[in-house]
Amino acid sequence: MTITDAFLSLSARTGRFTYGAPRAYTLAEDGTRLLLLRSTGSEDPLDRLHLLDLTTGEERLVADPAVLAPGHSGRRAELPAVERRLRERTRLVAAGIGGYAATADLATAALTLDGRLFRIDTATGTAVELPTAGPAFDPRPHPEGRRVAYVADDALYVTPESTPISPTDGARWGVAEFAAAEELGRSRGHWWRPDGGALLAARVDESALPRRYFADPAHPGEPAEDFAYPQAGGPNADVQLWVLGLDGNRARIHWDAAAFPYLCEASWASDGEVLLTVADRLQQRVLLLSADPATGATSELSRTTDEFWVDDLPGTPARLPDGRLLTAHDSPQARGLAVDGKPLDSAGLQIRRMVGQYDGRLLCETGQGDTADQHLHLVDPDGGPPELLSAGPGVHSALAAAGTLLLTTATADGVRRVVRRAGRELTLTDRSAALPYTVLPRLARVTERALPTAVVYPRGHVPGRRLPVLLDVYGGPGFQAVAAEPRRWQLRQWWADQGFAVVTTDNRGTPFVSPDFTRAIFRRFSRVALDDQVDALHALAAHHPDLDLGRVGVRGWSYGGYLAALAVLRRPDVFHAACAGAPPTDFRLYDTAYTERYLGLPQDNPEGYTDDCLLTDAPGLTRPLLLIHGLADDNVHPAHTLLLSQALTRAGRPHSVLPLPGVTHMTPGGTNEQLAMAELAFLRASLG
């Protein structure tokens, strides 16, 4: 489909306004230099590696895909399968240099292009291609930069040897399994010891897992791809952790993996101690353990428990530089921190992430007041009151090292990135396209549950003109839709300009309001989410008389696609048409770590899984429904949509299906914009 709309065409060409923006920052441990990735401009998808000297302000290009790998196209199909899947897990849409790793002083970096391995001297920009045993993945330079560890064909290697440092035993070494990368926030599987004498490595045995297959019907002569998938109620990967010495010595890290199967994080302490975070299957108990790398024996440092689930708080649990233990501390109304079990004074803040140490205190991303905003606070580990570091509304985030602070501020006017060091400020160069719209959504907290909502009207809307409503929804755990980050409002403004009042609501179950708000979905997804969306819609209409509740469409993707389909199946009195993209229609077919965290095991909560399944609702469909799914989606398998379509067909219920051959869960390369045109035509025809 040709994209004829000017906004959608620009969005597709600019990677949804991300091409040319800096990303993937790494600060040197002394705070004097910064590595980052950025392309040459707003329509260039190929990211290059740059080094910024924070003392002089000089920026240098140190690695260019066009030079390192002439002919590199950035096409995902040309990447090793393991890297393609990691990019999918981490939602990386940029081409060129997808990621890199560097020594602590940033003197040496390592990266791959199309499976080729390069070591970069960042001072000179000199790149050396290193021979590998196969297509290389996830390179990590030795602490002194002399050697590089990498994964090839599921084995862990260290240059320049051509034999693996890991045993050859049929397992996958040095990688993160699906559950860790997709759901637990751990995307890597090997770590250098600080002195460079050994590697800490994950060993992943997926032999007990079922296989998922992806055949491309547009290329029937090509074999189907497959990979191991941990399905709810079924087996997980067997994950072990080993210390692999360069001298040939090996030691397995021992913990009760039967009780705590999830390896959430692993690292080396500066003194050579191994630290690891593990969780039980339902993620109601999370342990921080220390391990002796010589014997593998572990001891428990901290334990966090919750009757619902332990919600991840990035940056915790952790050992502070003085040896004290930092953990999350939740009350029903606030997310906080504790040091050695003693709650810190956070003055009612919602702690969202512990960034690191700055000025002798804990630098935290926080919520305070309007949930659409994110602030920065310094929290005193000794119990003093927190100090606000950010200024004004917006989404503020940070990175810190040795007195240097990188601040990112996103407001309706755009995104600004500033480095503060030694009393000076340096603004990072941003070559991304200017955002076409300055969007000021009308925010409100509605109903007795104080649900965060937003309404976007067409530009130039004249009050008194009734508008069909488009509910643009996500509604699932882990993602906040109503936030002051400007890029996410661009497409919503486009939808509004097509003649809709666009409504977005964060129902209970979404993050950053309070622990109680998030945990309201425990053991049930559908009831709370749908009830909140309906109640919020009616509450908004009472204050926005131009919302025509006789014409309500709903669109969403992933969990939002599930909620869109759920809306027309169960509440056709409220919702009159739906576009459901990549919906998980039966959570018994979704992955273990996500689904069981909220719903428990299928065998323990059969009523909950049945209640949240859409397949049995098929005979009741009375409203127009468009199902959309990428046939290469390895997150929500296309079987979810096909099974719902099959159930609807058997029940004699008309519906539409838009299959997308070769398209993954992320809908890259302009697919998202093409879908917007298809959805617009469907909704206009359906709503009148």
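All residue numbers refer to positions counted from 1 along the written sequence of the respective chain. Under the rules for a predicted model, residues below a pLDDT of 70 receive no local features and side-chain atom pairs below 80 are neither given nor counted, while totals for whole chains, interfaces and linings still include all residues. Derived side-chain values reflect all non-hydrogen atoms in the structure, with water molecules and hydrogen atoms excluded from consideration.

(A) Molecular detail of the sheet that holds strand 11 (residues 148–152). DSSP calls a pair of strands paired once it identifies at least 2 bridges connecting them. The numbering of helices and of strands both runs from the N terminus, where a helix is a DSSP run of H or I of at least 4 residues and a strand a run of E of at least 2. On the basis of which strands lie adjacent, the open sheet formed by three strands has the order 10-11-12 and antiparallel pairing. Each edge of the open sheet carries a strand with a single partner, namely strand 10 (137–141) and strand 12 (155–158). Geometrically, the sheet is characterised by an average inter-axis angle of 20° between neighbouring strands, direction not taken into account. Here strand 11 pairs with strand 12 via four bridges, running antiparallel. Bridging from a neighbouring strand, Tyr150 pairs with Tyr157 of strand 12. Angles run from 0 to 180 degrees between N-to-C directions of axes, and those axes are lines fitted to C-alpha atoms, restricted for helices to the stretch in contact.

(B) Region of the structure containing the sheet that holds strand 26 (residues 334–339). Taken in spatial order, the four strands line up as 24-25-26-27 in an open sheet, and their pairing is antiparallel. With partners counted over all chains shown, the strands left at the sheet margins are strand 24 (318–319) and strand 27 (342–343), one partner each. Looking at chain direction, strand 25 (residues 325–331) and strand 26 are connected through six bridges and run antiparallel. Paired with Ser331 across the bridge in strand 26 is Ala334.

(C) Spotlight on the pairing of strand 30 (residues 375–379). For strand 30, the tally of buried residues reaches five of five residues, placing the bulk of the element in the interior. The buried label goes to any residue with under 20% of its type's maximum accessible area, the exposed label to any with over 50%, and the partly exposed label to all in between, with areas taken from a 1.4 Å probe on protein chains only. Across the two faces of strand 30 the burial is the same, with His375, His377 and Val379 and Leu376 and Leu378 all buried.

(D) Examining unusual backbone geometry more closely. For the bond from Thr159 to Pro160, the omega torsion is 5°, close enough to zero to count as cis. Secondary-structure assignment places Pro160 in the loop between strand 12 and strand 13 (172–173). In the segment running from Thr316 into Pro317, the intervening peptide bond is cis, with an omega of -10°. Here the phi dihedral of Thr667 falls at roughly 50°; this positive angle occurs in a residue that is not glycine. Summarising the element assignment, Thr667 is placed in the loop between strand 43 (656–660) and helix 12 (671–687).

(E) View of the nonpolar core. Remark: nonpolar core denotes a set of buried residues (Ala, Val, Leu, Ile, Met, Phe, Trp, Tyr, Cys) joined through side-chain atoms within 4.5 Å. One finds Phe525, Tyr559, Phe575, Phe587 and Leu625 to be the most contacted residues of the largest nonpolar core, which totals 59 residues. Look past the residues within four positions of Phe587 in its chain and what remains in contact with it is Ala232, Phe525, Tyr559, Tyr562, Tyr594, Thr595, Leu599, Tyr609 and Asp612. Within the second largest apolar cluster, 34 residues are counted, among which are Trp173, Ala198, Phe260 and Val278. Note on contacts: a residue pair qualifies if any of its non-hydrogen atoms lie within 4.5 Å across the two residues.

(F) Spotlight on the pattern of salt bridges. We define a salt bridge as a side-chain nitrogen of Lys or Arg found within 4 Å of a carboxyl oxygen belonging to Asp or Glu. Within this structure, the stated rule accounts for 49 salt bridges. Among the ionic pairs, Arg527 bridges to Asp611, the shortest N-O distance being 2.8 Å. Highlighted residues: Arg527 in helix 7 (residues 526–543) and Asp611 in helix 10 (residues 606–612), separated in sequence by 84 residues. The exposure class assigned to Asp611 is buried, which follows from its relative accessible area of 18%. If you follow the salt bridges from partner to partner, you end up with Glu448, Arg449, Arg508, Asp532 and Asp535 in one network.

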